[in-house]
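# Tertiary structure, described
Okay, here's what each chain looks like letter by letter:
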Amino acid sequence: MSLESPPTDAARSQHEQLALQLAREFLEEKRHERRWRMGLRLAWLLLVAVGGWLAWVQHLPGSSTGAPHTALVEVRGAIDADTEASAEFILSGLKNALADPGSRAVVLRINSPGGSPVQAGIVYDEIRRLRALHDKPVYAVVDDLCTSAAYYIASATDGIYVNRASLVGSIGVLMDDFGFTGLMEKLGVERRLLTAGAHKGMLDPYSPLKDSERKRAIAMLDGIHAQFIAAVREGRGERLKENDETFSGMVWNGDRAVELGLADALGSLDHVAREVVGAEEVIDYTPHENVAERLAKRFGAAVGEGAVRALHSLPKIR
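This structure is a prediction, so every number in the text was calculated from the model and none was measured. (Residues numbered from 1 in each chain as written. Predicted model: local features only at pLDDT ≥ 70, side-chain atom pairs only at ≥ 80, totals over all residues. Heavy atoms only, no water.)

## Description of the overall build of the protein chain
In terms of helices and strands, the protein chain carries nine helices and eight strands. The buried share among the 318 residues of the protein chain stands at 35%. Counted over contacts in the protein chain with a minimum sequence separation of 6, partners at least 24 positions apart contribute 73%. A total accessible area of about 19900 Å² is found for the protein chain, and carbon and sulfur atoms account for 57% of it. (Helix = DSSP H or I, 4+ residues; strand = E, 2+ residues; numbered from the N terminus. Buried < 20%, exposed > 50% of the residue type's maximum accessible area, 1.4 Å probe, protein only. Contact = heavy atoms within 4.5 Å. Areas by Shrake-Rupley, 256 points an atom, 1.4 Å probe, with all protein chains shown as cover.)

So this is what it looks like as structure tokens:
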């Protein structure tokens, strides 16, 4: 049986210092946790306030002078749900422009290579509905590009005006992707795709393309193409001079587009406002994602990332 000697003063001092250090670290961790909670609450309150302010700003009336004018709505860039050329943005501007008693007509100034046929179809249908509802014309003026889904939208208007060097048309539909099966085989990578449903893995880029899947995909594209063709025929009517290449996906310059009835005449925004609409003053109704909204989105992403880090740093019981 051995007896342990009592701890020395030095040992007791070390133990006390260690305990004090652990207590300090614990308190600091708790303070850090409280700060994060308060910060997250303030951040959410700020986001709610910014969201309310943006909703209020979005419903403010346009900057019309009340005098007769030509209303402008820009359609720029890819037409997609997440861009400023989405159906939501375009139609927001279009509705405000047509509802303004001072607007004599609306001009969609287009510079777009196209994009989503769904977004274009929504805009097409709404242009035709809103034109009839407000009894005001809607025109399209083309800058550099008005192709594919952008031309889908333009064909719904009362008239399309182009520059000689504008590129117009591309009335077709495509689906592009990549196949990696050969590369995977060289690298010795095995694809394991499990599906419930015979065609659930259709067009998977890591699996060989079956002939039956190719036929189904082409049939789907043909169906969308037929909708596109029907919309152009309905919108352009007898002005369209069809030939074998009209709906082939071909692109034409402005002069040729006028000859083919894909466009009505050469003309710029100022020309259309002055000579066609008869209201030379142009007021822009294009909605834009403002600085506050962009900051709110970025701030929200930063807060979310910080919250995740904070949660990971909290003490865990295992």
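## Side note on helix 8 (residues 269-277)
Considered for burial, the residues of helix 8 that qualify are Leu269, Val272, Ala273 and Val277. Along the axis of helix 8, the buried positions cluster into a sector of 100 degrees, meaning they face one direction only. Lining the buried residues of helix 8 we find strand 1 (69-76), strand 2 (103-112), strand 3 (138-147), strand 4 (159-162) and strand 8 (282-284). Looking one or two residues past helix 8, Gly278 carries a phi angle of roughly 80 degrees, positive in sign. (Arc of directions from axis to C-beta.)

## Comments concerning the pattern of salt bridges
The tally for this structure, following the rule as stated, stands at 13 salt bridges. Here Glu275 and Arg274 are joined by a salt bridge, their closest N and O atoms 3.0 Å apart. One salt-bridge network, in which partners are shared between bridges, spans Glu74, Arg76, Arg109 and Asp143. (Salt bridge = Lys/Arg side-chain N within 4 Å of Asp/Glu carboxyl O.)

## Concerning the packing of helix 3 (residues 117-134) against helix 6 (residues 211-236)
The N-to-C vectors of helix 3 and helix 6 enclose an angle of 25 degrees; their axes lie 12 Å apart at closest approach. When the axes of helix 3 and helix 6 are compared, the pair comes out roughly parallel. For the element pair helix 3 and helix 6, the recorded crossing hand is left-handed. When helix 3 is examined against helix 6, the residues Pro117, Tyr124 and Arg128 are found in contact with a partner set consisting of Ile224, Ala231, Glu234 and Gly235. The residue inventory of the contact of helix 3 with helix 6, partitioned by class, reads four nonpolar, one polar and two charged. (Axes fitted to C-alpha atoms, helices over the stretch in contact; angles between N-to-C directions. Parallel < 35°, antiparallel > 145°, perpendicular 65-115°, else oblique. Left-handed = near helix turned anticlockwise from the far one by under 90°. Nonpolar A, V, L, I, M, F, W, Y, C, P; charged D, E, K, R; others polar.)

## Brief notes about a nonpolar patch on the surface
Together, Phe178, Phe180, Leu183, Leu187, Val189 and Tyr206 give the surface a local cluster of nonpolar side chains, amounting to about 630 Å² of exposed area. Along the chain, the position of Phe178 falls in the loop between strand 5 (167-169) and helix 5 (181-187). (Patch = residues over 30% accessible without salt bridge, like charges linked within 9 Å, V, L, I, M, F, W, Y side chains within 5 Å.)

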